[in-house]
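Descriptive structure summary
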Amino acid sequence: MYVVQRAGTHLLLVCLLLIGLGLVMIYSASSELARVRYDDSSFFLKRQLARAVLGLFVMFVVSRVPLDWFARFSRVIMLWAIFLLVLVLFIGAGPADRWLYLPNSLASFAFQPSEFAKLALVIYLADVLVRKEEDLREFKRGLLPRLVVVGLVLTLIAAQPDLGTAIAIGCIALVLLWVGGVEPGQLGAVLLVGTIGIVVSLLTSPYQLARLTNFLEGNGEDAGNYQITQSLIGMGNGQVFGVGLGNSMQKLQYLPEPHTDFVFAFVGEEMGLVGTISVVGLFVAFAVLGLKIARNSVSSHGFLLATGMTSMISIYAMLNMGVVTGLLPTTGLPLPFLSYGGSSLLLNMAGVGILLCVARHAAMHSTHRAR
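Description of the structure in this document. These numbers come from a predicted model, not from an experiment.

Looking now at the pattern of salt bridges. Taken as a whole, this structure holds six salt bridges when the rule is applied. Salt-bridge contacts for K46 lead to D40; the nearest nitrogen and oxygen are separated by 2.7 Å. Residue K46 is classed as partly exposed on the basis of its relative accessible area, which comes to 49%.

The following block contains the structure:
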C-alpha cells in the first residue's frame with residue numbers, strides 16, 4: 001500500500017514541477033511575441049495559467065472516479081472521439097483546421113479532437129484487451145475488430161492531415177497491444193501494415209514527403225528545418241548553465257511560435273545543459289513512477305490503464321525532444337505539461353488523474369486485505 005501511495009504522491013509532484021516549469025518557460029519564450037501581437041507580454045502566460053488551474057481540477061475529479069467506470073464507458077468514450085475526429089474534417093478551424101471551436105466563443109475556447117482521441121484510445125484498449133483476452137489468439141474474432149478501431153482513429157487523424165500525431169498515437173497503441181498479450185507475430189504484422197500506411201500517406205502528400213526529404217538532406221530552406229536550425233542555435237548558445245531566464249535571443253521572433261512545440265529549446269538556451277537534463281530526468285521519473293503504479297495495480301485493467309497513460313505522455317515527450325534536438329523531422333507534437341496549449345494540458349492532466357485513480361484503487365485494495 002505504502003509503495004503505491006508514495007509512487008502516486010511522487011508522480012503528482014513531478015507533474016506539478018513540470019507544469020510550473022512550463023509556465024515559467026512559456027512566459028519567457030512568448031513575452032516578446034505577446035507584446036508585439038497583443039500589447040500584453042503576459043498574454044500567453046495568463047491563458048496557460050487558467051488552463052493549468054482547470055487542469056488541476058480535472059485531474060482531481062478524474063482521480064476520484066471509480067476505476068471500473070473507465071471500463072464501463074470505454075466504448076462510449078471511443079465513439080465520441082471518432083465522432084469528433086469526423087466532425088473536425090468538415091468544420092475544423094484554426095491552424096491547419098485541426099481545432100473545433102465553441103459557437104459564439106471563437107476567441108475563448110478551442111478544442112483539438114486528436115488530443116482527446118489518444119486518451120480515448122488508451123481507455124478503450126485497456127478495457128477491450130482484458131474483456132477479449134481469451135479471443136486475442138484468434139485474429140479474426142479477437143485482434144482484427146480492435147485493429148479496425150485503431151486503424152480508423154489513425155486514418156482520421158492522418159486525413160486532417162496530421163501524420164505526426166497519427167504515428168505517435170500508433171506507437172501508444174502498439175505498446176498497449178504488446179503488454180496486453182498480443183502475440184509477437186501479430187504485432188509484427190500490425191507494424192508492417194502501419195509502415196505501409198505511413199508510406200502511402202507520404203506518397204500522397206507532397207508536403208509531408210518534401211518535409212521528410214528536406215530533413216534527411218539537411219535543407220534549411222524548409223520551414224520545419226528552419227525551426228530545427230534555430231532551435232539548435234538557441235540550445236548551443238545555452239552551453240552548460242544557460243544565458244539566464246528571460247535572456248533568450250530566439251524569443252525575438254527568430255523561432256516562430258516559440259512557446260508551443262519548441263519550448264524545450266528555450267529550456268536549453270536559458271537554463272543550459274543542466275536545464276535540459278533536469279527536464280529529461282523529470283520525464284524519466286514520471287515514466288518510472290507511472291510504471292510502478294501499473295506494476296502494483298490489483299487488476300489487469302488497472303495495469304493496462306496505467307501503462308497506457310504513462311506511455312501516452314512519455315512517447316510524446318520523447319518525440320518532441322527528438323524534434324527539438326534535430327534527431328527527428330518536425331512533427332508538431334507538443335511537449336507534455338510544458339508546451340502552450342489547452343487541449344494537450346487538460347487531457348494530459350486527465351491522464352495523470354487516471355494514474356492517480358489506479359494508485360488509489362490499489363491502495364484501497366491493500367487496506368481492505370490488511371483488515
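Another point: the packing of aromatic side chains. Taken as a whole, this structure holds eight aromatic pairs when the rule is applied. For the pair W69 and F73, a centre-to-centre distance of 6.2 Å together with 80° between the ring planes defines the contact as edge-to-face. Judged by centre distance (5.6 Å) and plane angle (85°), the ring pair of W80 and F83 falls under edge-to-face. One end of the pair is W80 and the other is F83, both in helix 4 (residues 74–91) and three residues apart, which spans about a single turn. Three or more aromatic residues joined by ring pairs make a cluster, and in this case those are Y38, F43, F44 and Y340. Directly above the ring of Y316 sits K118, whose terminal nitrogen or CZ lies 3.8 Å from the centroid.

Another aspect to go through is the packing of helix 5 (residues 113–131) against helix 12 (residues 300–324). Orientation of helix 5 relative to helix 12, taken along the N-to-C sense of each, is 150°, at an axis distance of 9 Å. Overall, the two elements helix 5 and helix 12 adopt an arrangement that is roughly antiparallel. For the pair helix 5 and helix 12, the crossing hand works out as right-handed. Between helix 5, through E115, K118, L119, V122, I123, A126, D127, L129 and V130, and helix 12, the contact on the second element is made entirely by S300, H301, L304, L305, G308, M309, M312 and Y316. Among the residues making up the contact of helix 5 with helix 12, the classes are represented as 11 nonpolar, three polar and three charged.

On to empty space enclosed by the protein. For the structure on display, the rule yields one cavity of 30 Å³ or more. What the largest cavity holds in volume is close to 30 Å³.

Quick look at the side chain of Q208 now. Within the fold, Q208 resides in helix 9 (residues 206–217). Those residues in contact with Q208 that sit more than four places away from it in its chain are P161, L163, S201 and L202.

For the rest of this paragraph, the subject is the layout of surface pockets. Size it by volume and the second largest pocket reaches roughly 670 Å³. L154, V190, V193, G194 and T195 are, among the 25 residues lining the second largest pocket, the residues nearest its centre. Mapped onto the lining of the second largest pocket, the elements with two or more residues apiece are helix 6 (139–158), helix 7 (163–179) and helix 8 (184–204). Here the lining of the second largest pocket gets 10 residues from one element, more than from any other, and that element is helix 8. For the lining of the second largest pocket, the per-class residue count stands at 17 nonpolar, eight polar and no charged.

Glancing now at the nonpolar core. Formed by 103 residues in total, the largest nonpolar core has its most connected members in F283, F337 and L338. With 13 residues, helix 13 (residues 342–370) is the largest single contributor of residues to this core. Beyond its immediate sequence surroundings of up to four residues, L338 is in contact with L18, L21, G22, I26, V263, V267, V279 and F283. I26, L33, A34 and F44 belong to the second largest nonpolar core, which has five residues in total.

A few words now on unusual backbone geometry. For the bond running from Q160 to P161, omega is 0°, close enough to zero to count as cis. Here P161 is to be found in the loop between helix 6 and helix 7. Unusually for a residue other than glycine, D39 sits at a positive phi of about 60°. By secondary structure assignment, the location of D39 is in the loop between helix 1 (2–38) and helix 2 (43–63). With a phi close to 75°, F337 is a non-glycine residue in the positive phi region. Relative to the elements of secondary structure, F337 occurs in the loop between helix 12 and helix 13.

Reading the values: rules and limits
Residues numbered from 1 in each chain as written. Predicted model: local features only at pLDDT ≥ 70, side-chain atom pairs only at ≥ 80, totals over all residues. Heavy atoms only, no water. Salt bridge = Lys/Arg side-chain N within 4 Å of Asp/Glu carboxyl O. Buried < 20%, exposed > 50% of the residue type's maximum accessible area, 1.4 Å probe, protein only. Phe/Tyr/Trp six-rings, centres within 6.5 Å; stacked < 30°, edge-to-face > 60°. Helix = DSSP H or I, 4+ residues; strand = E, 2+ residues; numbered from the N terminus. Lys NZ or Arg CZ within 6 Å of the ring centre and 35° of its normal. Axes fitted to C-alpha atoms, helices over the stretch in contact; angles between N-to-C directions. Parallel < 35°, antiparallel > 145°, perpendicular 65-115°, else oblique. Left-handed = near helix turned anticlockwise from the far one by under 90°. Contact = heavy atoms within 4.5 Å. Nonpolar A, V, L, I, M, F, W, Y, C, P; charged D, E, K, R; others polar. 1 Å grid on protein atoms, 1.4 Å probe; cavity = no way out; pocket = protein on both sides within 12 Å on 5 of 7 lines; lining within 4 Å. Points joined across faces, edges and corners; volume = space filled by probe spheres on them. Core = buried A, V, L, I, M, F, W, Y, C linked by side-chain atoms within 4.5 Å.

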